Amino acid sequence: MPTARPLDSSRIVGGDGRAVNGAPASVPATFSRWRSAARRCLRADLDPQAIEWRDDGSATGLFGADLVTLDEKASDPRVSRRFTPLAQSIACHRDESRWSLLYELAWRMAHGEPYLLQVASDPLVARLTVMHRGVRRAAHKMKAFVRFRAMSSDQPDDEEFISWFEPAHRVVERVAPFFVDRFRFMRWSVLTPDGCARWDLDQLFLSDGIEQHQAPSHDDSLESLWKTYYAGTFNPARLNRSAMLAEMPARYWKNLPEAELIAGLAREAPARVTAMIAQTMWAPEQLPPDLEAIESQPAADTPAIEVGWHPTYDPGWVEAKRRARLVSKSQPDPIVVGGTLIYTGVAGWTDPTILAADVFYPRHTTTSEERLRYYASVFPMVEVDATYYSLPSEATSRRWVERTPEHFAFDIKAHSLMTGHPTNPARLPSWLTADLPLRLRTARNVYSHHFSSEAIAEVWARFISALEPLRLAGKLGAVMLQFPKWFTPSRESAAFLRDARDKLGDCPASVEFRHRDWLSDRTASRAFQLLRDLQFSYVAVDAPPGMESSVPPVMEVTNTDLAFVRLHGRRVSTWEARND
């Protein structure tokens, strides 16, 4: 094991030898070195092109010349408050140009562009944002895929656990405090090529990285137990290979004990699902009198039952029950045009226009579950509008996953408070209405600015958390942010979109505008570029033309992975109605 220098038990030893009292070390030592050098260069007003940055954060003049002696009394140039946390994150990136890019950003902010970080379309800002997201993803993957193994020891009281991990970026110092909180009562070490973290129940030590062959030996008994647990909890009915590879990239498999089980479990999944379905179906001796005979007849020949209605004897119920079993196995194929998959669907499977008799659903298909199962056998995707009025729940998302075929997609409309629309407080949960002033709790409509910023942040967090079952199953198409007509092009609107992306994280999302100025000749190119930088899919709209809340039917692709066209219809009389 590499050696590390301990400090007081109340402190965490950082990679630069600096103890942060009461707060975890979260940036590499090179950042402190770069920050000190960058401050001196900015005080001397050195152009970014006149500095050469080394990978360790130190700097020299062009062609190796010494930097000029700087006036230590000079004041520091002012930069945005958002700059430091962004720079701390990018310091962990492996790109060798990270220091020069950060200095260029600081230099521009100090020379007449103080709000540069708010210009997401700027090439420099866009590149640094992508790097920041890469570091954030690497930290997330490290939290998800570190697997501890027990070290060989003859003393149970001295039991210690180790893990070898190869992160995409240098994030061990940022993630180590997470493991301290999660595994505070066991001794552990996380070993990586970039750095190592060790917790001894009292102090966290951060030290240099090692090679994998230098890692201590470990006992395989815990690993065997973990594999047994993993195989026992594996649910074959929820196997989605594409979603699994997206969440657990193959590059991490070599260090995951359970990875060697996945291929076999995936091969066995179809047979296990078939067995599970067979166990849930009624055996002949369990059927009520005459029900077996009724189920065996074609639906058109099923005689009417003249006795009082009972679900087990009603032929319509039998038909719906038989269809529900079959629908979950069927999957409508998307349209393929030039190699592109085109999914079509309706805004909700319980829309009143399709609930009318003999319009879409077969008779006796009356419950929400039956309707969703039938709908998913006809269309490959659906837009959920109910989440605009009421916050979703994780339990509901799980039911949607269970009731739809493997590749079915849900596009989820963001809640009205997330996009600045009026909201009926009667539809809000009690924890949210409690945040309103008393005079507004019985109002007809309230808006997001009536709530505290903490409450609105919680709305976003709970909304995204509720969709997690859909995302893990690969069934989350996108979260659709449909903005009202008063959401017009402005710096504030652009900042709102950037903040929305931060809150959504890696969650796929789309944006629909309802004010025509977004697509004006002066604004359109910048608006589309902003959506590209933030990885939002633009929603092209077919709607009544010429109105304040309608935009031209421009087809623009801002996300090559996903594009949207919404056919609203062109009925002018209802387009700007209150319930739209």
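Residues numbered from 1 in each chain as written. Predicted model: local features only at pLDDT ≥ 70, side-chain atom pairs only at ≥ 80, totals over all residues. Heavy atoms only, no water.

### Concerning the overall build of the chain
Line of reasoning, step 1. A count of helices and strands for the chain gives 20 helices and 18 strands.
Line of reasoning, step 2. Taken over 580 residues, the chain has a buried fraction of 43%.
Line of reasoning, step 3. For the chain, contacts bridging at least 24 residues in sequence account for 70% of all contacts bridging at least 6.
Line of reasoning, step 4. Here the chain has roughly 30,800 Å² of accessible surface; of this, 52% comes from carbon and sulfur atoms. (Helix = DSSP H or I, 4+ residues; strand = E, 2+ residues; numbered from the N terminus. Buried < 20%, exposed > 50% of the residue type's maximum accessible area, 1.4 Å probe, protein only. Contact = heavy atoms within 4.5 Å. Areas by Shrake-Rupley, 256 points an atom, 1.4 Å probe, with all protein chains shown as cover.)

### Focus: the environment of Gln 535
Line of reasoning, step 1. For Gln 535, the location among the structural elements is in the loop between helix H19 (524–533) and strand E17 (536–542).
Line of reasoning, step 2. Given the relative accessible area of 46%, Gln 535 is considered partly exposed.
Line of reasoning, step 3. Between the alpha carbons of Gln 535 and Asp 506 there is a distance of 9.2 Å; along the sequence they are 29 residues apart.
Line of reasoning, step 4. Setting aside residues up to four positions removed in sequence, Gln 535 forms contacts with Arg 133, Arg 501, Ala 509 and Asn 559.

### Some details on the pattern of salt bridges
If charged atoms from side chains of opposite charge come close, those side chains can pair.
Line of reasoning, step 1. A complete count under the given rule lists 18 salt bridges for this structure.
Line of reasoning, step 2. For Arg 184, the salt bridge is made with Asp 181, and the minimal N-O distance between the two is 2.9 Å.
Line of reasoning, step 3. Between Lys 503 and Asp 499 there is a salt bridge; the shortest N-O distance is 3.1 Å. Separated by four residues within a single helix, Lys 503 and Asp 499 lie in helix H18 (residues 491–504), roughly one turn from each other.
Line of reasoning, step 4. Using a relative accessible area of 35% as the deciding quantity, one classes Asp 499 as partly exposed.
Line of reasoning, step 5. Beyond isolated ion pairs, a larger network of salt bridges with shared partners links Glu 383, Glu 512, Arg 514 and Arg 566. (Salt bridge = Lys/Arg side-chain N within 4 Å of Asp/Glu carboxyl O.)

### Things to note about the sheet that holds strand E16 (residues 509–512)
Line of reasoning, step 1. The strand order across the open sheet built from seven strands is E12-E13-E14-E15-E16-E17-E18, with neighbouring strands paired in parallel fashion. Sheet topology places strand E12 (345–346) and strand E18 (564–567) at the edges, where each strand pairs with a single neighbour.
Line of reasoning, step 2. The pairing of strand E14 (residues 409–413) with strand E15 (residues 476–482) spans four bridges and is parallel. Residue Phe 410 lies in a different strand from E15, and its bridge partner there is Leu 476. (Pairing = 2+ DSSP bridges.)

### Looking at helix H4 (residues 123–145)
Working note: α-helix, 3.6 residues per turn, so residues spaced by three or four point in the same direction.
Line of reasoning, step 1. Between its first and last C-alpha atoms H4 spans 33 Å; for 23 residues at 1.5 Å apiece the expected length is 33 Å, and the two agree.
Line of reasoning, step 2. The N-terminus of H4 is capped by Asp 122, whose side-chain oxygen sits 3.0 Å from the backbone nitrogen of Leu 124. (Expected span 1.5 Å × (residues − 1). Polar contact = N/O pair within 3.5 Å; in protein donor to acceptor, adjacent residues only side chain to side chain.)

### Overview of the side chain of Thr 558
Line of reasoning, step 1. Mapping Thr 558 onto the fold places it in the loop between E17 and E18.
Line of reasoning, step 2. You can call Thr 558 buried: its relative accessible area is 7%.
Line of reasoning, step 3. Among the polar contacts made by the side chain of Thr 558, one reaches the main-chain amide nitrogen of Tyr 538 at a distance of 2.9 Å.
Line of reasoning, step 4. The residues touching Thr 558, leaving out its near neighbours within four places in the chain, are Phe 528, Leu 531, Arg 532, Phe 536, Ser 537 and Tyr 538.

### Digging into the packing of aromatic side chains
Line of reasoning, step 1. What the rule picks out here adds up to 30 aromatic pairs.
Line of reasoning, step 2. Ring centres 5.2 Å apart and planes at 80° place the aromatic pair Phe 148 and Phe 183 in the edge-to-face group. Of this pair, Phe 148 sits in the loop between H4 and strand E5 (149–150) while Phe 183 sits in the loop between helix H5 (172–182) and strand E7 (187–191), and the two are 35 residues apart along the sequence.
Line of reasoning, step 3. Look at Phe 183 and you get partly exposed, because its relative accessible area is 27%. (Phe/Tyr/Trp six-rings, centres within 6.5 Å; stacked < 30°, edge-to-face > 60°.)

### Quick notes on unusual backbone geometry
Line of reasoning, step 1. In the Ramachandran plot, Asp 45 falls in the positive-phi region, its phi being about 60° despite a non-glycine side chain.
Line of reasoning, step 2. If you trace the backbone, Asp 45 turns up in the loop between helix H1 (29–43) and strand E3 (51–53).
Line of reasoning, step 3. Asp 45 sits in the partly exposed class, given a relative accessible area of 45%.
Line of reasoning, step 4. The phi torsion at Leu 201 lies on the positive side, around 80°, for a residue other than glycine.

### Here's the deal with the nonpolar core
Line of reasoning, step 1. With 64 residues, the main nonpolar core has Phe 410, Leu 481, Leu 497 and Phe 536 as its most contacted residues.
Line of reasoning, step 2. In terms of nonpolar packing, the next biggest core, distinct from the first, is built from 28 residues, Ala 37, Ala 59, Leu 102 and Leu 105 among them. (Core = buried A, V, L, I, M, F, W, Y, C linked by side-chain atoms within 4.5 Å.)

### Regarding a nonpolar patch on the surface
Line of reasoning, step 1. Where nonpolar side chains cluster on the molecular surface, the patch consists of Ile 335, Val 337 and Ile 342 and spans about 240 Å² of accessible area.
Line of reasoning, step 2. Along the chain, Ile 342 falls in strand E11 (residues 340–342). (Patch = residues over 30% accessible without salt bridge, like charges linked within 9 Å, V, L, I, M, F, W, Y side chains within 5 Å.)

### Observations regarding the environment of Ala 138
Line of reasoning, step 1. Relative to the elements of secondary structure, Ala 138 occurs in helix H4.
Line of reasoning, step 2. Residue classification places Ala 138 among the buried residues on the basis of a relative accessible area of 3%.
Line of reasoning, step 3. Along the primary structure Ala 138 and Ala 168 are separated by 30 residues, whereas in three dimensions their C-alpha atoms are 5.6 Å apart.

### What to know about the packing of helix H2 (residues 83–90) against H4
Line of reasoning, step 1. Packing of H2 against H4 brings their axes to within 8 Å, and their N-to-C directions diverge by 60°. If you check the angle between H2 and H4, you find them oblique. The way H2 lies across H4 gives a crossing that is left-handed. Where H2 approaches H4, its residues Leu 86, Ser 89 and Ile 90 are matched on the opposing element by Leu 128, Met 131, His 132 and Val 135.
Line of reasoning, step 2. When its residues are assigned to classes, the contact of H2 with H4 shows five nonpolar, two polar and no charged. (Axes fitted to C-alpha atoms, helices over the stretch in contact; angles between N-to-C directions. Parallel < 35°, antiparallel > 145°, perpendicular 65-115°, else oblique. Left-handed = near helix turned anticlockwise from the far one by under 90°. Nonpolar A, V, L, I, M, F, W, Y, C, P; charged D, E, K, R; others polar.)

### As for the confidence of the model for the chain
Line of reasoning, step 1. Residues of the chain with pLDDT of at least 70 account for 70%, and the chain-wide mean is 77.
Line of reasoning, step 2. Segment residues 1–27: pLDDT under 50, and 55 contacts once partners within four positions in sequence are set aside and those in other chains are kept.
Line of reasoning, step 3. With pLDDT under 50 throughout, residues 280–322 is counted as low confidence; its partners more than four residues away or in other chains account for 41 contacts. (pLDDT = per-residue confidence, 0-100.)

### Brief notes about helix H3 (residues 98–110)
Line of reasoning, step 1. The terminal C-alpha atoms of H3 lie 18 Å apart, and with 13 residues this matches the ideal 18 Å at 1.5 Å per residue to within 8%.
Line of reasoning, step 2. Looking only at H3, the buried set comprises Arg 98, Trp 99, Leu 101, Leu 102, Tyr 103, Leu 105, Ala 106, Arg 108 and Met 109.
Line of reasoning, step 3. Directly after H3, the chain includes Gly 112, whose backbone phi takes a positive value near 95°.

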